[in-house]
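Overview (structure and organization)
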Amino acid sequence: MTNQENKQALAGVLEQLEGALRNGDAAAAADVFQPDGFWRDLVLFTWNIKTMEGRPQISAMLAAQLAAIKPVSLRVADVDEVTEAGGVTQGWIDVETEAGHGVGFIRVKDGKIWTLLTTMSELKGFEEAKGSRRASGAVHGAQTRRTSWQEGRDAELQQLGHASQPYCLIVGGGQGGIALGARLRQLNVPTIIIDKNDKPGDSWRKRYKSLCLHDPVWYDHMPYIPFPENWPVFTPKDKVGDWLEMYTKVMELNYWGATTCLSASYDEASGEWAVQVERNGEKITLRPKQLVLATGMSGKANWPTFKGMDTFQGEQHHSSQHPGPDLYVGKKVVVIGANNSAHDICAALWETGVDVTMVQRSSTHIVKSNSLMDLALGDLYSERAVAAGMTTSKADLTFASIPYQILHTFQIPVFDAIKQRDADFYARLEKSGFMLDFGDDGSGLFMKYLRRGSGYYIDVGASELVADGKIKLKSGVGVVEIKAHSVLLTDGTELEADVIVYATGYGSMNGWAADLISLEVANKVGKVWGLGSATTKDPGPWEGEQRNMWKPTQQTALWFHGGNLHQSRHYSQYLSLQLKARMEGLATPVYGLQEVHHLS
């Protein structure tokens, strides 16, 4: 079929759906979908991040939401091709409701919708001041008592948090908090970002010196300002830090460095938070209406509790505190863990001549960086994707358009191909004793990340050192006891150690809520992250979306934001629109507020 014929086919399906929606007929609208069809909505219809699976769920959502949402139109986008392959016709769509404009992606097979993505891109009447709406910047003509841009900016910095209060307070000034702060700035939402570090980017600068992003540059752009075309594929951590510092300044964000959040409590009657912070030795009470914890899904270090840790005579620290290898020349280092940080740290130690042993307690998914970029990311985030007309926004939405319930079926063939391509590499690793896996169902890296946020390493060289025996390995063992100068393992082996690095991962983000607000609120919200896939470290029941991320929680006016650079960029748009709508007093009827099944 030609592009025009494909467009007509999609247009016909959308016309059926639009007609049913306008008539308020939820059942008829659901019948436009395959019986096992999916509708993933990012804010536009549900004021939530929610996937409806199958006709009954779709019908139930529409029955609850149609009267308030008042859909206006669904149209095939004019600027993009509609394609057909394997009996599936797919293309981009434009969507409009009474409250907002949005974009989406649709897949149709046998004349029925298989998957539908709808997303809010802007609120009507509160559009970002960009393009033809951009600010002039200069006020022409003569004026008395004229103030310059700098004077106005200085006044804002002096007043916000003192003479005036932020509508939104973001706790955490890494890439997540900064990306959300930039979105809110463009929507004129008064916001303060606080971070314990002195400057934006310090959370990266303070990590071990060999750290680089394992994700490629095309995957890691910040909102509004992409990296330059000559930016390295894998960004060194200090370069990330410098970029975030520059970004914070040019995007005019109200960033309070050297600020510690001491406590927070919510007053239901006044509808505001009382947040105690300490800034440069001064205690200040901020009273925002909305509180966002952007402390990172890898923010709260998970310290193990091994017997004898208090008796160890050497140095021990969590991987998040690791300063790099230079201090440990001539010493014996034991690294407990076998995921990304453990591999990076072990490789840097080996390069410096340190005697290092990795202790692998459970299996790890390994994927070579080149294979990941070529086979898994290449169609969306690569130079070839850019050359083919793929934009960052389209790539984000394409990935978002695949419901999590079926995403693993798209990933399994990719990682089967990787497994075949790198078979010799994997054989050498297993021969060294390293325990490998590709996830419970063979779906590989991305599903492991989405389900549990751990259990993998993107190989940029450390795995070769393990396979060659240059990084010593003890696998399939646990830790029995930490002794004064050694680590005793379950197989009876005792490893001499001057230094122990606990590369033992991070806890659920609601641990920050427990620390800053209360255990009661943390339990009210429940576990943050995971899909409920009933795979390892992702207990059911099935949620269909990331638990508590970027959407309303059971605690009014408390939000969680974070993830990798891609997620921080993409989902900050939807969180910022939800916050803006509430600031403007718009109706935001939330459908499917997440139930709590797990506390941590």
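Our structure is the block above this text.
Residues numbered from 1 in each chain as written. Predicted model: local features only at pLDDT ≥ 70, side-chain atom pairs only at ≥ 80, totals over all residues. Heavy atoms only, no water.

Quick word on the sheet that holds strand β17 (residues 355–360)
Reading across the sheet, the five strands line up as β15-β24-β16-β17-β20 and stay open at both edges, with parallel pairing between neighbours. Each of the sheet's edge strands pairs with one partner strand only, and the pair in question is β15 (315–318) and β20 (472–475). On average, each strand axis in the sheet is inclined to that of its neighbour by 20 degrees, with strand direction left out of account. Alignment of β17 against β20, held across four bridges, turns out to be parallel. Along β20, the bridge assignment pairs Q360 with S475. (Pairing = 2+ DSSP bridges. Helix = DSSP H or I, 4+ residues; strand = E, 2+ residues; numbered from the N terminus. Axes fitted to C-alpha atoms, helices over the stretch in contact; angles between N-to-C directions.)

Focus on the sheet that holds strand β13 (residues 282–286)
Read across the sheet, three strands follow the order β11-β12-β13 without closing on themselves; strand pairing throughout is antiparallel. Strand pairing shows two members of the sheet lacking a second neighbour, β11 (259–267) and β13, which therefore form its edges. When the angles between neighbouring strand axes are averaged without regard to direction, this sheet yields 15 degrees. Judged from the five bridges that link them, strand β12 (residues 272–279) and β13 form a sheet pairing that is antiparallel. Looking at β13, one finds that E278 is bridged to K283.

Examining the pairing of strand β6 (residues 100–109)
Extensive coverage of β6 is indicated by the burial of seven of its 10 residues. Counted along the chain from strand β5 (residues 88–97) to the antiparallel partner β6, the turn is two residues long. Pairing of β6 with strand β7 (residues 112–123), which is carried by 10 bridges, proceeds in the antiparallel orientation. Paired with F105 across the two strands is L117, which belongs to β7. Adjacent in sequence and paired antiparallel, β6 and β7 are bridged by two residues, among which D110 carries a positive phi angle near 55 degrees. (Buried < 20%, exposed > 50% of the residue type's maximum accessible area, 1.4 Å probe, protein only.)

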